[in-house]
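Chain residues, written in single-letter form:
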Amino acid sequence: MLTGPKGPFAYVVTKEGAAIRELKVARTTPEGAVIAQGLTAGEKVVVDGQSRLSPGAALSIKPAADTGSQ
């Protein structure tokens, strides 16, 4: 989650590239945030390299890192 002039937002993956989703945050915890509005179930959220993105930017999808936990 990032913060811009209009408040919190995230980049999501679309067919056209990166897209901004303005967010409404219900609450934050040490582990993360609970998003009340702005994301749809199943959307892929960009979690690395957001500072270099702009709307419509091409994305390279990488598999999640193996954390070793089971």
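The sections below set out a description of the structure shown in this document. (Residues numbered from 1 in each chain as written. Predicted model: local features only at pLDDT ≥ 70, side-chain atom pairs only at ≥ 80, totals over all residues. Heavy atoms only, no water.)

Observations regarding the overall build of the protein chain
Then comes step 1: Scanning the protein chain from terminus to terminus reveals zero helices and five strands.
Then comes step 2: In sequence order, the protein chain lays out its α and β elements as β-β-β-β-β.
Then comes step 3: Overall size of the protein chain, expressed as C-alpha extent along the three principal axes, is 35 × 30 × 20 Å.
Then comes step 4: Buried residues in the protein chain amount to 20% of all 70 residues.
Then comes step 5: Across the protein chain, contacts joining residues at least 24 apart in sequence account for 39% of those joining residues at least 6 apart.
Then comes step 6: For the protein chain, the accessible area works out to roughly 5,600 Å², and carbon and sulfur atoms hold 51% of it.
Then comes step 7: Each charge class in the protein chain can be summarised by its mean position, and for the 8 positive and 6 negative side chains these summaries are 5 Å apart. (Helix = DSSP H or I, 4+ residues; strand = E, 2+ residues; numbered from the N terminus. Buried < 20%, exposed > 50% of the residue type's maximum accessible area, 1.4 Å probe, protein only. Contact = heavy atoms within 4.5 Å. Areas by Shrake-Rupley, 256 points an atom, 1.4 Å probe, with all protein chains shown as cover. Lys, Arg positive; Asp, Glu negative; His and termini not counted. Charge placed at Lys NZ, Arg CZ, Asp CG, Glu CD.)

A closer look at the nonpolar core
Then comes step 1: In terms of nonpolar packing, the biggest core is built from six residues, these being Phe 9, Tyr 11, Ala 18, Val 46, Leu 53 and Ala 57.
Then comes step 2: Setting aside residues up to four positions removed in sequence, Ala 18 forms contacts with Tyr 11, Val 12, Leu 53, Ser 54, Pro 55, Gly 56, Ala 57 and Leu 59. (Core = buried A, V, L, I, M, F, W, Y, C linked by side-chain atoms within 4.5 Å.)

Quick look at the pattern of salt bridges
Then comes step 1: Within this structure, the stated rule accounts for two salt bridges.
Then comes step 2: Ionic pairing is found between Glu 22 and Lys 6, a salt bridge with its closest N-O pair at 4.0 Å. Here Lys 6 lies in the loop between strand 1 (2-4) and strand 2 (7-14) and Glu 22 lies in strand 3 (residues 17-22), a separation of 16 residues in the sequence.
Then comes step 3: The exposure class of Glu 22 is partly exposed, given its relative accessible area of 48%.
Then comes step 4: Arg 21 serves as the salt-bridge partner of Glu 43, at 3.0 Å between the closest nitrogen and oxygen. Of this pair, Glu 43 sits in the segment after strand 5 (32-37) while Arg 21 is found in strand 3, placing the two residues 22 residues apart along the sequence. (Salt bridge = Lys/Arg side-chain N within 4 Å of Asp/Glu carboxyl O.)

Regarding the pairing of strand 4 (residues 24-29)
Then comes step 1: In this sheet, strand 5 lies alongside strand 4 in antiparallel orientation, the contact comprising five bridges. Paired with Lys 24 across the two strands is Gln 37, which belongs to strand 5.
Then comes step 2: Hairpin connection from strand 4 to strand 5: two residues lie between these consecutive antiparallel strands. (Pairing = 2+ DSSP bridges.)

Focus on the sheet that holds strand 3
Then comes step 1: Taken in spatial order, the three strands make up an open sheet running 1-2-3, and their pairing is antiparallel. The two strands at the open ends of the sheet, each matched to only one other strand, are strand 1 and strand 3. Strand-to-strand twist in this sheet, taken as the mean axis angle between neighbours without regard to direction, amounts to 45°. (Axes fitted to C-alpha atoms, helices over the stretch in contact; angles between N-to-C directions.)

A closer look at a nonpolar patch on the surface
Then comes step 1: On the surface, a nonpolar cluster with roughly 250 Å² of combined accessible area is contributed by Leu 39, Val 45 and Val 47.
Then comes step 2: Val 47 sits in the exposed class, given a relative accessible area of 71%. (Patch = residues over 30% accessible without salt bridge, like charges linked within 9 Å, V, L, I, M, F, W, Y side chains within 5 Å.)

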